[in-house]
There are 2 protein chains.
Amino acid sequence: MTPTGGAIAADEQTVSALGEFGLIAALSGWLRSISPADPRPLVGIGDDAAVLAAPDGRVVASTDFLLEGRHFRREWSSAADVGHKAAARSLIDIAAMGAVPTGLLVALAAPPDLPVTWARDLTEGLAAECARAGATVVGGDTASAGSILLATTVLGDLAGRAPVLRSGAAPGDLVAVTGPLGHAAAGLALLEAVHTVSPTDPPAWAASLVAAHRRPQPSYDAGPEAADLGATAMIDISDGLLADLGHVASASGVLIDLSSDRLSPGAGLQAAAHALHPFLGRTERGSGPRHAQALAWVLTGGEDHALAATFPPGTVLPPRWDLIGTVREGDGVTVDGQPWAGSAGWDHFRG
Amino acid sequence: MTPTGGAIAADEQTVSALGEFGLIAALSGWLRSISPADPRPLVGIGDDAAVLAAPDGRVVASTDFLLEGRHFRREWSSAADVGHKAAARSLIDIAAMGAVPTGLLVALAAPPDLPVTWARDLTEGLAAECARAGATVVGGDTASAGSILLATTVLGDLAGRAPVLRSGAAPGDLVAVTGPLGHAAAGLALLEAVHTVSPTDPPAWAASLVAAHRRPQPSYDAGPEAADLGATAMIDISDGLLADLGHVASASGVLIDLSSDRLSPGAGLQAAAHALHPFLGRTERGSGPRHAQALAWVLTGGEDHALAATFPPGTVLPPRWDLIGTVREGDGVTVDGQPWAGSAGWDHFRG
């Protein structure tokens with residue numbers, strides 16, 4: 001496409017041309033050139049294993065997949081978007097325990113014809129999102145596969161805090177959330193609808209919703225903040241608010257009741273529901289099908305990576321935490337005292 | 001195949017019938033029922049992240065892929081074999097740093113039609129291999145994929161030791177190895193040859209070689225032992241002796257020279273080379289093509305997961321460590337002072 005032959009060759013070089021050791025060397029070099037100097041691992045990429053400081057004497061760890069076709073499409077997300085998203089999905093799991101992320105390990109399987117530039121941009125996205133969270137990419141593995149697959153493992157430090165589990169919610173507790181709800185699901189629906197018409201970007205007013213799908217921006221420091229405020233339970237909203245609060249309710253042996261008037265979809269979700277009305281299946285709930293769709297995104301849309309937590313009665317919460325309900329005796333999750341009739345979130349094996 | 005309808009139904013249940021949350025619940029239940037009581041993670045499977053003790057104040061971490069079609073075939077390895085192998089590949093990376101493995105996280109992508117019994121047997125293999133190393137399965141993730149893919153991340157504790165890197169070898173050091181060399185490669189070649197004739201097991205005399213491919217049994221405690229003996233560099237032999245010692249030579253800025261008379265293939269490898277002679281490409285090296293093939297397995301066969309280490313001159317090594325060469329000034333790896341002319345190991349993107 002460009003007249004500069006050298007640039008073409010560089011742009012079109014594939015990971016198979018580098019070979020496995022060449023790719024690992026390239027990944028290491030990119031990370032050295034773009035990673036912040038701190039926090040520096042004690043032993044980084046290039047040995048049998050990484051060594052990180054764990055000053056608390058405990059280490060927090062979590063693993064997540066990010067799969068092409070399932071969690072992203074190369075035609076809808078840039079390589080940097082995918083790197084940010086893969087890192088964010090893992091990093092927020094550490095925050096949801098009340099801990100601070102320290103290091104990320106990345107297992108990357110990719111087709112041999114993947115452009116080297118794509119791998120480089122992915123790496124930069126991973127490193128940049130880690131830097132947002134105060135962490136560093138410290139290791140990984142590569143393999144050849146038919147499509148792109150990332151398995152990210154994040155480590156974190158509790159800095160003396162007790163981990164905030166899913167099992168500590170008690171009747172009377174407040175339920176609060178920080179971060180967007182339903183934006184990523186609406187953004188994905190917009191991308192799907194637009195691309196059924198033509199391979200273009202959604203309209204400008206939808207940019208923040210599409211960005212929420214492509215590159216969620218969790219508030220990592222909200223996790224330790226909640227722990228310091230005495231949170232009794234906490235969870236990352238990855239599968240949808242109802243599904244994830246269902247895990248808290250089940251683990252804690254309680255009922256969580258949400259107030260729909262605290263979950264009103266914002267103008268962006270309303271506009272998306274309006275614009276997508278011709279594309280979406282009809283529902284008859286709520287104050288009309290368009291409002292019902294917007295509320296469904298809030299309640300069941302996954303991948304925003306907001307944090308939900310329960311707090312003892314009377315806790316004074318910082319402004320970024322929105323009260324959305326209360327904990328009661330019983331089991332399950334209700335909205336205004338009633339079970340929610342719609343879908344309850346993602347299931348990777350059935351979805 | 002059996003007349004008991006109920007048993008058939010149970011045996012043939014697939015992971016898609018369980019669903020993602022059902023599969024995770026089943027995996028957790030199997031692990032609780034089969035894992036040893038100690039070491040117990042502070043927070044185990046079922047929350048956003050696991051919490052493990054890191055008494056040293058540092059944590060060692062490594063991630064590895066194990067891919068169907070690349071590292072195993074379901075028709076050649078049992079599910080338990082695959083679990084043992086996936087865990088062993090990761091656990092030995094921790095030992096190669098001089099550390100003790102503590103916990104394993106497992107990301108499992110599998111086809112929706114995978115039998116639940118296969119997932120259960122895999123889990124038992126993972127847990128049993130962790131128990132061999134003194135570690136516990138503490139978390140993971142699941143996803144749907146076209147073939148089985150495992151990404152395992154292992155954590156470990158240095159217990160006050162300095163990590164043994166690849167970069168510390170110095171001229172004059174001894175080079176030693178513990179564990180089999182070439183057995184897994186010969187076992188895989190036997191499986192490939194036998195299955196080109198009929199789908200049967202290799203002959204009984206080949207059982208230990210085939211087992212080395214299916215279920216490597218690394219000596220995890222040899223890693224901390226080497227560290228305590230003053231090892232200057234150490235590496236897990238996963239890609240082949242020459243390739244992996246090449247990493248040590250490169251990182252340390254030295255030449256490693258191996259003595260072929262210390263690397264003589266044993267009777268099993270000789271027998272395999274003899275039996276496979278009709279199937280293998282001819283070579284003209286060494287004392288005849290069959291000996292050359294057996295020696296090639298020793299020098300370039302991957303996946304045995306032996307440990308190689310360098311030690312200061314005069315170190316008295318326990319019997320399980322075999323002296324195989326010396327460190328000199330220069331660069332690269334030689335055999336009897338000469339470059340090795342054959343293939344130097346696996347490359348996942350070119351292989």
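Look a little higher up for the structure.
About the cut-offs
Residues numbered from 1 in each chain as written. Chains lettered and ligands numbered in written order. Predicted model: local features only at pLDDT ≥ 70, side-chain atom pairs only at ≥ 80, totals over all residues. Heavy atoms only, no water. Helix = DSSP H or I, 4+ residues; strand = E, 2+ residues; numbered from the N terminus. Buried < 20%, exposed > 50% of the residue type's maximum accessible area, 1.4 Å probe, protein only. Pairing = 2+ DSSP bridges. Axes fitted to C-alpha atoms, helices over the stretch in contact; angles between N-to-C directions. Contact = heavy atoms within 4.5 Å. Buried area = accessible area lost by both parts, 1.4 Å probe. Salt bridge = Lys/Arg side-chain N within 4 Å of Asp/Glu carboxyl O. Nonpolar A, V, L, I, M, F, W, Y, C, P; charged D, E, K, R; others polar. Parallel < 35°, antiparallel > 145°, perpendicular 65-115°, else oblique. Left-handed = near helix turned anticlockwise from the far one by under 90°.

1. What about the side chain of B:Thr123?
Okay, so step 1: Take B:Thr123: it is sitting in helix 4 (residues 116–133).
Okay, so step 2: Judged by its relative accessible area of 3%, B:Thr123 falls in the buried class.

2. Observations regarding the sheet that holds strand 8 (residues 255–258) of chain B
All names here are of chain B.
Okay, so step 1: Taken in spatial order, the six strands of this open sheet run 7-9-6-10-8-11, and their pairing is mixed. Each edge of the sheet is formed by a strand with only one pairing partner; in this case those strands are strand 7 (233–237) and strand 11 (332–335). With strand direction ignored, the average angle separating the axes of adjacent strands in the sheet is 25 degrees.
Okay, so step 2: Pairing of strand 8 with strand 11 involves four bridges; the strand directions are parallel. By the bridge assignment, aspartate 257 is partnered in strand 11 with threonine 334.
Okay, so step 3: Across the sheet, helix 8 (residues 241–252) is in contact with strand 6 (174–178), strand 7, strand 8, strand 9 (306–311), strand 10 (322–328) and strand 11; its angle to strand 7 comes to roughly 155 degrees.

3. Describing the interface of chain B and chain A
Okay, so step 1: Contacts between the two partners involve 65 residues from chain B, matched on the other side by 65 residues from chain A.
Okay, so step 2: The contact between chain B and chain A buries some 5,100 Å² in all, and 63% of this surface belongs to carbon and sulfur atoms.
Okay, so step 3: One can count four salt bridges joining chain B with chain A.
Okay, so step 4: At the level of secondary structure, the elements contributing two or more residues to the side of chain B that touches chain A comprise helix 2 (15–34), strand 1 (50–53), strand 2 (58–67), helix 3 (79–95), strand 3 (100–110), strand 4 (136–144), strand 5 (149–157) and strand 7 of chain B.
Okay, so step 5: When residues of the side of chain B that touches chain A are assigned to their parent elements, the largest contribution, nine residues, is made by strand 2 of chain B.
Okay, so step 6: Each residue belonging to the side of chain B that touches chain A can be placed in one class, and the counts come to 40 nonpolar, 12 polar and 13 charged.

4. Here's the deal with the packing of helix 2 of chain B against helix 4 of chain B
Residue and element names in this part refer to chain B.
Okay, so step 1: In the contact formed by helix 2 and helix 4, the axes pass within 10 Å of each other and the chain directions differ by 30 degrees. By the angle class used here, helix 2 and helix 4 are roughly parallel. Viewed along their axes, helix 2 and helix 4 form a crossing whose handedness is right-handed. Taken together, the residues of helix 4 that come into contact with helix 2 (itself represented by Val15, Leu18, Leu23, Leu27, Trp30, Leu31 and Ile34) are Val116, Ala119, Arg120, Thr123, Glu124 and Ala127.
Okay, so step 2: For the contact of helix 2 with helix 4, the per-class residue count stands at 10 nonpolar, one polar and two charged.

5. Some remarks on unusual backbone geometry
Okay, so step 1: One non-glycine residue with positive phi stands out, namely A:His305, at about 60 degrees.
Okay, so step 2: Position of A:His305 among the secondary structure elements: in the loop between helix 10 (289–300) and strand 9 (306–311).
Okay, so step 3: Residue A:His305 is classed as buried on the basis of its relative accessible area of 2%.
Okay, so step 4: For B:Asp336, which is not a glycine, the phi torsion comes out positive at approximately 55 degrees.

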